[in-house]
Amino acid sequence: MTRRLLILLAIAAALAGAGLFVWPRAAGAVLATCGVVAVLVMMYERSAGAAQVLGEEVSRLAEAAGVPPPGESPAALAATIRLAGDRLLGERSSLRDRASAATGALTAIPDPVVVVDRNGRAQLANAALGTLAGVHPMGRTLDELFPASDLPRLVAEALGVGAATDQVTFRRASGPRTWEVRGIPLRAEGAEPAMVLLAFRDVTEGARALQVRADFVANASHELRTPITAIRMALETLDMAGPDEATRARVMAMVGTQVARLEELVRDLLDLSRLESEAEVRHEPVALEEVAGALRARFARAIAERRLTLEFAIAPAAATVRSDRRLLELILGNLVENSAKFAFEGTAVRVTAGGAGAGALVLEVIDRGIGIPLDQQERVFERFYQVDTARSGARRGSGLGLAIAKHAARRLGGSIRVQSVWQQGTTMTVELPGAAPRG
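Now for a description of the structure that goes with this document. (Residues numbered from 1 in each chain as written. Predicted model: local features only at pLDDT ≥ 70, side-chain atom pairs only at ≥ 80, totals over all residues. Heavy atoms only, no water.)

### Observations concerning the packing of helix α11 (residues 325–342) against helix α13 (residues 401–411)
Alright, step 1. The interhelical angle for the contact between α11 and α13, taken along N-to-C directions, is 150°, at an axis separation of 9 Å. It follows that α11 is roughly antiparallel to α13 by the angle criterion. As for the relative orientation of α11 and α13, their crossing is left-handed in sense. Side by side, α11 and α13 meet where Leu327, Leu330, Ile331, Asn334, Leu335 and Asn338 of the first sit next to Gly401, Leu402, Ile404, Ala405, Ala408, Ala409 and Arg411 of the second.
Alright, step 2. Looking at the contact of α11 with α13, its residues break down into nine nonpolar, three polar and one charged. (Axes fitted to C-alpha atoms, helices over the stretch in contact; angles between N-to-C directions. Helix = DSSP H or I, 4+ residues; strand = E, 2+ residues; numbered from the N terminus. Parallel < 35°, antiparallel > 145°, perpendicular 65-115°, else oblique. Left-handed = near helix turned anticlockwise from the far one by under 90°. Contact = heavy atoms within 4.5 Å. Nonpolar A, V, L, I, M, F, W, Y, C, P; charged D, E, K, R; others polar.)

What follows is the structure, given as structure tokens:
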């Protein structure tokens, strides 16, 4: 009521001053005085209200900045504002430094990393993520970056139940790559997660190794089962009442063949296992003539059975090399055995050793035989892969010999390659850097 009266007096004084109403002189003076008083009172109330609002805001500012609450005087309010401002500026600078450090750390991570919001839109990412996606990731959704992937589901799972992991495969021009992706929810203290960090790790080689191991076990089981089944059937035949001598001799010959095959397979499996498990390679002087003597003794029977000759031609510069004798014998032994199977009867298997400059040792195993069809030459070094024996007429082996030779050559830092012409012969060439003495 009082405030309304003051407003009316102020309006009346203003109208009188404008000459819109004529008052008696005394009444006019009183009215003018009341109007001035009313205006002053309203100005005071407004300034007091503003001061109260200002005080409340400064108190909230002080609480947010962690400084003591302000006093009531204007000087105290100003001091509090200055102190809170300095404190908040320091906090802003600290946050800026932390953000810069986090961005730098994210950029330095070699694996792809991206932070996405609840909608799967990239808010922060490093260069590796852009390389993986093939486009600039910022502002794009996961569906745009990696179409038809399960990453949106992984983000939803991380937001709902916590950290989650999945594997995804992306097909690129260089071939498919498998990535393990871990989603980690990001949340402020006491708040619901608003973003998810996705960290990628390339597990292609690991996944491939697991697949190779699974295939190896399956193939090895199959190869072992075949001779074992044949031997079991032979024993059942011998158990039959009254087999004649011809049948007995035929069955025993079959058993001997299968036992030899089983021994070869077990030996090759053990050789391959040792190659993969033993990390140490011993480099020491090796006389190749001694290696040649060991191979002649080992293959004397097989060479004689097929009327072959085993020849060695060792250059003087390669008479003594620096290498691992066991691995050298493993390489040459498997290559000579392979040639002895596929060479034409009455021909020679020739082994040469020489240098190729820069201290490299070059070994060649050459035969005149059925050769390897051109379309199969890229695969002969695969485990358990065998050239079609129906076409070659040769005895079936384990399918591991050339794979073992390649693995052993790699252990010595070298390589192996094949040159072959169907129905003419094959040359296997092994190059071992730094094995032969220079000069």
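### Comments concerning the sheet that holds strand β9 (residues 348–355)
Alright, step 1. Judged by pairing direction, the sheet is mixed, and its five strands sit side by side in the order β7-β9-β10-β12-β11 without closing on themselves. Only two strands of the sheet have a single neighbouring strand rather than two, namely β7 (309–314) and β11 (415–421). If you compare each strand with its neighbour and ignore which way they point, the axes differ by 15° on average.
Alright, step 2. Lying on the sheet, helix α9 (residues 288–298) is in contact with β7, β9 and β10 (361–367); it crosses β7 at an angle near 175°. (Pairing = 2+ DSSP bridges.)

### Observations concerning unusual backbone geometry
Alright, step 1. In this model, Arg307 sits at a positive phi of 55°, which is unusual for a non-glycine residue.
Alright, step 2. Looking at the element boundaries, Arg307 is found in the loop between α10 (300–305) and β7.
Alright, step 3. Given a relative accessible area of 55%, Arg307 falls into the exposed group. (Buried < 20%, exposed > 50% of the residue type's maximum accessible area, 1.4 Å probe, protein only.)

### Structural notes on the nonpolar core
Alright, step 1. Counting 48 residues, the largest nonpolar core has Leu288, Leu328, Leu335, Leu363 and Val430 as its most contacted members.
Alright, step 2. Here the element with the most residues in this core is α11; it accounts for eight residues.
Alright, step 3. In this view, Val430 contacts Ile331, Leu335, Leu361, Val362, Leu363, Ala409, Ser415 and Ile416; residues no more than four positions away in its chain are not counted.
Alright, step 4. Counting residues in each nonpolar core, the second largest holds 22 residues, with Leu159, Val168, Val181 and Val196 among its members. (Core = buried A, V, L, I, M, F, W, Y, C linked by side-chain atoms within 4.5 Å.)

### Focus on a nonpolar patch on the surface
Alright, step 1. A cluster of nonpolar side chains, namely Ile184, Leu186 and Met195, defines an oily patch on the protein surface of about 200 Å² accessible area.
Alright, step 2. With respect to the helices and strands, the residue Met195 is situated in strand β5 (residues 195–202).
Alright, step 3. Under the relative-accessibility criterion, Met195 is labelled partly exposed at 32%. (Patch = residues over 30% accessible without salt bridge, like charges linked within 9 Å, V, L, I, M, F, W, Y side chains within 5 Å. Areas by Shrake-Rupley, 256 points an atom, 1.4 Å probe, with all protein chains shown as cover. Salt bridge = Lys/Arg side-chain N within 4 Å of Asp/Glu carboxyl O.)

### Focus: the packing of aromatic side chains
Alright, step 1. Considering all chains together, one arrives at three aromatic pairs under this definition.
Alright, step 2. Judged by centre distance (6.5 Å) and plane angle (75°), the rings of Trp179 and Phe200 are edge-to-face. In this pair, Trp179 is assigned in strand β4 (residues 175–186) and Phe200 in strand β5, connecting sequence segments 21 residues apart. Just as Trp179 is buried, Phe200 falls in that class too.
Alright, step 3. Three or more aromatic residues link up through ring pairs in this structure, and these residues are Phe146, Phe170, Trp179 and Phe200. (Phe/Tyr/Trp six-rings, centres within 6.5 Å; stacked < 30°, edge-to-face > 60°.)

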